[in-house]
Amino acid sequence: MMPASSPPVTMLVPDFPFAYDDWLRHPAGLGSLPPEVHGTEVAVVGAGMAGMTAAHELLRLGLRPVVYEAGRIGGRMRSVPFPSDPSSVAEMGAMRFPVSARALFHYVDLLGLGTRPFPNPLAAGTPTTVIDLAGRREWARTAADLPSVFHEVSTAWDKSLQERAELSVLRGAVQDRDTATLKSVWNRLVGEYDDTSFHGFLATSPAFRSFRYREIFGQVGFGSGGWDTDFPNSMLEILRVVVTDADTDHLLIDGGSERVPRGLWTRSPEDLVHWPAGTTLASLHGGAPRPGVTALRAHGPEIELTDASGAVHRHSAVVFTPHVWTLLNRVDCDPSLLSTDQWIAVERTHYMGSSKLFVLTDRPFWRDIDPRTGRETMGMTLTDRAARGVYLFDQGPDRPGVMCLSYTWNDDSLKFATLSERERLDVLLARLADIYPGVDIRSHIIDGPVGVTWETEPHFMGAFRAGLPGQYRYQRRLFTQFAHEARGTDGAGDAAGSGHGGLFLCGDGISWTPGFAEGAVTTALNAVWGVLHRLGGRTHPANPGPGDLFDLLAPVVLPYD
C-alpha cells in the first residue's frame, strides 16, 4: 500500500509522458499568437470531446474556430434523454471516467459539473454485484464475498503484471512523473510485447496456466468487468490502461457526459484574447455548427474544405477529430494531405464494436429486498450470457431508475446488430429471467428501449480504436502526425508529401488510450499546439507544450526491417 502522501496515479501515458494537466493549469497559458493572425479561421471537423476541446482552446488563443459536424454535438459522449423524464439519460457512448483522467477533469471542473461514483462491479458505491457464469450465480458486496477461485484469478493477474511487466515500477514512475524511468522500462516492454496479444500474454504466463483461470478472467476481468472481447488486441493496449489506473475508480457525470462538450460550446472563457467578453463558440456560429465535411483538398498553403451543403471554404489549418476511417469513405480526402506511411496506418486501424440497450423503470425496484433470501432483488450483473454487463443507476427512491440492460463488445455486439431495439429487449429479458427467476423486469419499464450499435453508426463505424498485435508502428505514425505536420516532415526527417502542412489529426483513436475521453482531450491539445506553431505562435518558455518536448518524450521507434 502506498503512503497517504504519495501523489496520485494519473493518465501519464508511458509512450509519450507529457503532463497535459500541468500544461493546462499553468498561469502562463498554452501560448500566444502574433496579433496579425488573431481572428484567423481554423476548421475543426467534428463536435465531440476532441473537437470541443480544440475549438475552446483555439478561441482562447484569439483564433476563430469554425466547427463542422455531421450529426450532433457530443460525438460518442452521447447522452439520450428519455421522453417521459428528460432528466434521466441513457449514456450511449462514454459513461464512466477514471479519476486519473486529469486533463478531462480540468474541463469537468471548469464547467462546474457534478460527479458520482460509477456503479462498477464490486465498487464501493455498488450495493450488490452478481456474477453469473456457466449457470452458477455468486452474490457479493465486496470481493471478499466471492469464492476462492476468483481470488486465485485476481492474484494470478497481479502476479503476471508484476513479474512480466514491472507494474510497480511503472506506476511509481507515473506517480512521481519520473519520465526517464517510465520511458526506460516502457520502451523495453514495447519491443517485447508489440507482437503479443492480450490472450497470448495470459496463456504464456505461468500463473495463468489453467484454462479455467483464463476463462473466468475473460468473463469477470478486472476493474470494470470482463475483457475477453479484448483478448485479440495488443497486450500493450491493456498495459497502458492498467499502468495509468484507467480501469478503476470511475465517476459518472451528473446529467450525462454530453454536458461536457456542450458546456464548452456555450462557455465564454474568462481570459479571452482578441474576442470581446462573453464570446462563445455558439455565438460565433449563430447557435449551430456548420454541416459535416465531405471533401478535403490541398490548395496551395491552405486546405479547401467542402461541407455537406456543397459550400466550399478555405482554411490555413484543419483539426480533424472523427474516426480516421471516415477519410477512406465519408470524406473525399486529397491523398497529398497525409504521407504514404500515414495512409497505410489509417488503412490498418482497427476499431472495436460496441452495443448498449437502456430502459427507464418506474423506480429502482432492484433495491427491493427479497424476503426469501434477504438480498436485493437484482445487482450489477456480469454474465457469460448475451447481456454480458447489466448496470443499474439508482437516482433515489422517489425517482425513476435507469437500467443498462446490456453492454457488449465486438462479437457480442454483433449478435445484436441485426435486431431492432424491441427485439433486443425481448432477447435480453428472456436471458435475465434465467438469472433472476421470478423478477418481472418488464412490468417496471416505463420508457425505452433506447440503444446503439457503434459499428453500424455511419460516421463512426466502431466504438473506438484498439491496436492489434504488430500495430504499434502504425499507431505511432498517427499519434506523432501533429508534430511532424507542424514541422513539415513525415516522421523520418523527410519533407511531408503535401509540402504545406495544416491538417492535424486528433481524437481518442489517435491517442495511446483509445476509448477514453482523456485521449480525445490530450490529442486535441496536441493539435492546438500544432495550429499555434503553424500560425507563428509560441508557447511560454516556462510552460512548453507537447510539440516543444516532443524530441525528449517521443514514442520509441521500433525497427522496420
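Located above this text is the structure these notes cover.
Residues numbered from 1 in each chain as written. Predicted model: local features only at pLDDT ≥ 70, side-chain atom pairs only at ≥ 80, totals over all residues. Heavy atoms only, no water.

Each helix and strand counted, the protein chain has 18 helices and 23 strands in total. Taking 2.2 N^0.38 as the reference for a compact globule, 561 residues should give roughly 24 Å; the C-alpha atoms of the protein chain span a radius of gyration of 24 Å, in line with that estimate. Projected onto its principal axes, the C-alpha coordinates of the protein chain cover approximately 75 × 55 × 45 Å. Out of the 561 residues in the protein chain, the part that is buried amounts to 60%. For the protein chain, the exposed surface amounts to about 21300 Å²; the carbon and sulfur share of it is 52%. A gap of 2 Å separates the mean positions of the 50 positive and 65 negative side-chain charges of the protein chain. (Helix = DSSP H or I, 4+ residues; strand = E, 2+ residues; numbered from the N terminus. Rg over C-alpha atoms; globule rule 2.2 N^0.38 Å. Buried < 20%, exposed > 50% of the residue type's maximum accessible area, 1.4 Å probe, protein only. Areas by Shrake-Rupley, 256 points an atom, 1.4 Å probe, with all protein chains shown as cover. Lys, Arg positive; Asp, Glu negative; His and termini not counted. Charge placed at Lys NZ, Arg CZ, Asp CG, Glu CD.)

On to the packing of aromatic side chains. One pass over the full model with this rule turns up 26 aromatic pairs. A centroid spacing of 6.1 Å and a plane angle of 80° characterise the contact between phenylalanine 479 and phenylalanine 482, whose relative ring orientation is edge-to-face. For the pair phenylalanine 479 and phenylalanine 482, a shared accessibility class is recorded, and that class is buried. Pairing phenylalanine 482 with tryptophan 529 gives two aromatic rings, centres 6.2 Å apart and planes at 85°, and the pair type is edge-to-face. With phenylalanine 482 in helix H16 (residues 481–487) and tryptophan 529 in helix H17 (residues 517–534), the pair connects residues that are 47 residues apart, well separated along the chain. Each member of the pair, phenylalanine 482 as well as tryptophan 529, is classed as buried. An aromatic cluster is defined as three or more aromatic residues linked by ring pairs; in this entry it consists of Phe16, Phe18, Tyr20, Trp23, Tyr472, Phe479, Phe482, Trp512, Trp529 and Phe550. Between lysine 356 and the ring centre of tyrosine 407, over which it is positioned, the NZ or CZ distance is 4.5 Å. Note that arginine 375 overlies the ring of tryptophan 139, its terminal NZ or CZ placed 4.3 Å from the centroid. (Phe/Tyr/Trp six-rings, centres within 6.5 Å; stacked < 30°, edge-to-face > 60°. Lys NZ or Arg CZ within 6 Å of the ring centre and 35° of its normal.)

So, on to the sheet that holds strand S15 (residues 332–333). Pairing within the open sheet is mixed, and its 4 strands lie in the order S13-S12-S11-S15. The outermost strands of the open sheet, each flanked by one partner alone, are strand S13 (312–315) and S15. Bridging between strand S11 (residues 293–299) and strand S12 (residues 302–307) involves 6 bridges; their strand directions are antiparallel. From the neighbouring strand, leucine 296 faces S12, where its bridge partner is leucine 305. (Pairing = 2+ DSSP bridges.)

Within the secondary structure, threonine 306 is located in strand S12. By relative accessible area, threonine 306 is classed as buried at 18%. Sequence spacing of threonine 306 and aspartate 332 is 26 residues, and the spatial spacing of their C-alpha atoms is 9.3 Å. Every residue in contact with threonine 306, bar those within four places of it in the chain, is listed here: Gly292, Val293, Thr294, Ala295, Ala311 and Val312. (Contact = heavy atoms within 4.5 Å.)

Bringing the sheet that holds strand S6 (residues 115–117) into the picture now. The strand order across the open sheet built from 3 strands is S5-S9-S6, with neighbouring strands paired in antiparallel fashion. The sheet is open, and its two borders are formed by strand S5 (97–98) and S6, each paired with just one other strand. The sheet contact formed by S6 and strand S9 (residues 250–253) spans 3 bridges and is antiparallel. Note that in S9 the partner of arginine 116 across the bridge is leucine 252.

For the rest of this paragraph, the subject is the pattern of salt bridges. Inspection of the entire model under this criterion finds 38 salt bridges. Ionic pairing is found between arginine 367 and aspartate 394, a salt bridge with its closest N-O pair at 3.0 Å. Residue arginine 367 is found in the loop between strand S17 (354–361) and strand S18 (380–383), and its partner aspartate 394 is found in the loop between strand S19 (389–393) and strand S20 (401–409); the two are separated by 27 residues along the sequence. Judged by relative accessible area, which is 35%, arginine 367 ranks as partly exposed. For the salt bridge of arginine 385 with aspartate 434, the shortest nitrogen-to-oxygen distance reads 3.8 Å. Here aspartate 434 lies in helix H14 (residues 421–435) and arginine 385 lies in the loop between S18 and S19, a separation of 49 residues in the sequence. Here arginine 385 falls in the partly exposed class, since its relative accessible area comes to 22%. (Salt bridge = Lys/Arg side-chain N within 4 Å of Asp/Glu carboxyl O.)

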